[in-house]
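Tertiary structure, described
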Amino acid sequence: MQKQKKVLRGLSVGQRLLLLTVLPLFVITTLLTSYMVVTRQVDRENMLSDRGSSMTRYLAGAAEYGMFAGDFDTLKRLANAMLEEVDARAVRFFDAQGELLLAVNGEFGEVKFLDFKPEHTVQRENLLWTFQTPVYYNSLDVDDFDVMQDEAEEPRPVLGWVQLIMDERRMRAEQQMILITSLIMSVFGFLVLFLLAGFVAQGISRPISALTRTVKALGNGQLSERSGIEAKGELGELAQGINSLAESVEIASEDLNARVEEATGRLTAALSALERRNQQLETVREELIAASAAKGDFLARMSHELRTPLTAVSGYAKLLQSMSPTESQDEYLKSITGASRILLSTIDDILDFTRLESGVVRVEELPFCLEDALEDVLTMHALTAHQKQ
């Protein structure tokens with residue numbers, strides 16, 4: 001079932017229409033042809049049976065005198081006259097006891113008495129039909145014309161039986177010819193109907209295929225594509241709807257493209273301005289980097305120049321402290337030494353600041369005593385504070 005659904009889904013519209021049209025036509029044509037063939041074959045068999053029965057009854061009536069008088073010449077002439085008919089092959093005469101009296105063309109088939117029933121009998125075996133009819137004795141006397149006689153009619157005596165053998169090969173040949181003719185006519189009719197159905201299916205599928213190609217072209221971006229179908233009805237309305245929709249989409253696409261181009265122009269101008277601004281900023285940045293480098297170089301040189309005399313001052317102060325100064329001189333020397341140390345620390349901080357700007361600063365953890373720091377500050381500024389008092 002799933003495979004059948006997949007096969008049906010894979011068929012195009014034209015193929016489906018052709019299938020829906022041809023399949024019922026094929027079934028109807030097959031049924032009508034079968035019915036016609038069977039009917040005509042049955043009619044042929046009935047015709048052969050009726051003709052054989054009629055000929056046998058006629059022969060039985062004509063053979064009454066010959067059988068009664070034992071005139072075999074008369075019987076033979078009757079038999080030869082019957083054999084001139086088409087399909088008749090043999091004629092046989094039997095007496096009342098079923099014994100064969102005369103057989104004309106008796107070598108045709110086996111001589112066999114059918115039945116003693118006083119009625120018409122038909123037997124069909126292989127390709128032969130055997131018709132057997134009793135021959136009654138019909139005597140005429142004066143009493144037969146007595147209309148006043150009410151006595152019951154006595155059964156007529158049987159003089160014998162006649163048999164007529166008929167061959168059905170000609171009928172079979174006619175049936176085969178009927179079958180072949182019917183098949184040829186059916187195939188021809190089916191081909192005509194198939195071509196007509198194909199023409200009708202193409203008349204429906206061709207506009208649908210054209211609409212499909214138009215929709216595919218529109219889907220691929222060819223918005224100028226239009227359907228040239230001039231059909232009426234639903235297909236024409238569908239084609240007009242697709243053309244109207246394509247025209248609306250084309251107008252909207254052109255408007256959108258114009259807006260995109262305008263926005264692209266504005267964006268390009270903004271990018272150009274931004275690029276110029278970036279170039280200016282890059283120039284300023286390079287100038288700032290150069291200034292920062294110059295400043296760092298200046299601070300490094302100045303710190304070096306300041307560190308040299310400060311180191312000398314600190315060294316001389318330590319030298320004086322080793323020469324046993326007075327108490328007041330020792331205090332002054334300590335102040336000089338502390339101030340020099342603080343100034344050297346400040347110079348180191350300035351160098352650290354330059355390193356920070358260049359990105360090479362390294363954080364260190366050093367022991368720190370707040371009391372010593374405060375004492376150094378007081379010692380350094382004590383003399384100035386006493387002088388102001």
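All figures in this text were calculated on a predicted structure; none of them were measured in a lab.

Rules used in this analysis
Residues numbered from 1 in each chain as written. Predicted model: local features only at pLDDT ≥ 70, side-chain atom pairs only at ≥ 80, totals over all residues. Heavy atoms only, no water. Helix = DSSP H or I, 4+ residues; strand = E, 2+ residues; numbered from the N terminus. Buried < 20%, exposed > 50% of the residue type's maximum accessible area, 1.4 Å probe, protein only. Contact = heavy atoms within 4.5 Å. Areas by Shrake-Rupley, 256 points an atom, 1.4 Å probe, with all protein chains shown as cover. Phe/Tyr/Trp six-rings, centres within 6.5 Å; stacked < 30°, edge-to-face > 60°. Core = buried A, V, L, I, M, F, W, Y, C linked by side-chain atoms within 4.5 Å. Pairing = 2+ DSSP bridges. pLDDT = per-residue confidence, 0-100. Axes fitted to C-alpha atoms, helices over the stretch in contact; angles between N-to-C directions. Polar contact = N/O pair within 3.5 Å; in protein donor to acceptor, adjacent residues only side chain to side chain. Patch = residues over 30% accessible without salt bridge, like charges linked within 9 Å, V, L, I, M, F, W, Y side chains within 5 Å. Salt bridge = Lys/Arg side-chain N within 4 Å of Asp/Glu carboxyl O.

1. Overview of the overall build of the protein chain
In terms of regular secondary structure, the protein chain is built from 8 helices and 5 strands. Along the protein chain, from the amino end to the carboxyl end, the secondary structure elements read α-α-α-α-β-β-β-β-β-α-α-α-α. In the protein chain, which comprises 389 residues, the share counted as buried stands at 23%. Taking contacts inside the protein chain between residues at least 6 apart in sequence as the whole, the part at least 24 apart equals 65%. When the accessible surface of the protein chain is totalled, it reaches about 28000 Å², and 60% of it is carbon and sulfur.

2. Let's talk about the packing of aromatic side chains
Enumeration according to the criterion identifies 2 aromatic pairs in this entry. Seen in terms of ring centroids, Phe68 and Tyr137 are 5.1 Å apart; in terms of plane orientation they differ by 25 degrees. Their pairing is stacked. One end of the pair, Phe68, is in helix H3 (residues 64–69); the other, Tyr137, is in the loop between strand E4 (128–136) and strand E5 (158–167), with 69 residues separating them in the sequence. With a centroid separation of 6.1 Å and an interplanar angle of 20 degrees, the aromatic rings of Trp129 and Phe131 are classed as stacked. Here Trp129 falls in the buried class, since its relative accessible area comes to 7%. The exposure class of Phe131 is buried, given its relative accessible area of 0%.

3. Things to note about the nonpolar core
Membership of the largest hydrophobic core comes to 23 residues, with the highest contact counts inside it found for Phe93 and Val162. Within the residue set of this core, elements represented by two or more residues are helix H2 (13–62), helix H4 (72–83), strand E1 (88–95), strand E2 (100–104), E4 and E5. Residues in contact with Val162, not counting those within four places in the same chain, are Thr56, Leu59, Ala60, Ala63, Met67, Arg92, Phe93, Phe131, Gln132, Thr133 and Val135. Residues Leu211, Ala239, Ile242 and Ala246 belong to the second largest nonpolar core, which totals 5 residues.

4. A word on the pairing of E5
Of all 10 residues in E5, 9 are buried, a share of seventy percent or more. As judged from the 7 bridges shared by E1 and E5, these two strands associate in the antiparallel manner. Across the sheet, Arg92 pairs through a bridge with Gln163, a residue of E5.

5. A look at the confidence of the model for the protein chain
The share of residues in the protein chain with pLDDT of 70 or more is 82%, and the mean pLDDT across the chain is 77. The secondary structure element of the protein chain with the lowest average pLDDT is helix H1 (residues 2–9), at 54, and the one with the highest is E4, at 88. Here residues 139–152 is modelled with pLDDT under 50, and outside its nearest four sequence neighbours on either side it reaches 2 contacts, counting other chains as well.

6. Some remarks on the sheet that holds E1
Spatial strand order, E2-E1-E5-E4-E3: 5 strands in an open sheet with antiparallel pairing. Each edge of the open sheet is held by one strand with a lone partner, namely E2 and strand E3 (121–125). Between one strand axis and the next, the sheet turns by 15 degrees as a mean value, whatever way the strands run. The strands touched by H4 are E1 and E2; relative to E1, the strand with the most contacts, the crossing angle is about 150 degrees.

7. Some thoughts on the side chain of Ser53
Within the element layout of this structure, Ser53 appears in helix H2. With relative accessibility at 10%, the residue Ser53 sits in the buried group. At 3.0 Å, the side chain of Ser53 forms a polar contact with the side chain of His120. Setting aside chain neighbours within four positions, we find Ser53 in contact with His120, Val122 and Phe131.

8. Description of the environment of Thr133
Along the polypeptide, Thr133 turns up in strand E4. Counting along the chain gives 15 residues from Thr133 to Pro118, while the straight-line C-alpha distance between them is 7.7 Å. There is a polar contact of 2.6 Å between the side chain of Thr133 and the side chain of His120.

9. What to know about a nonpolar patch on the surface
A grouping of Leu19, Leu23, Phe26, Val27 and Leu31 is seen on the molecular surface, where their side chains present a nonpolar patch of about 460 Å² in accessible area. With respect to the element layout, Leu31 can be found in helix H2. With relative accessibility at 57%, the residue Leu31 sits in the exposed group.

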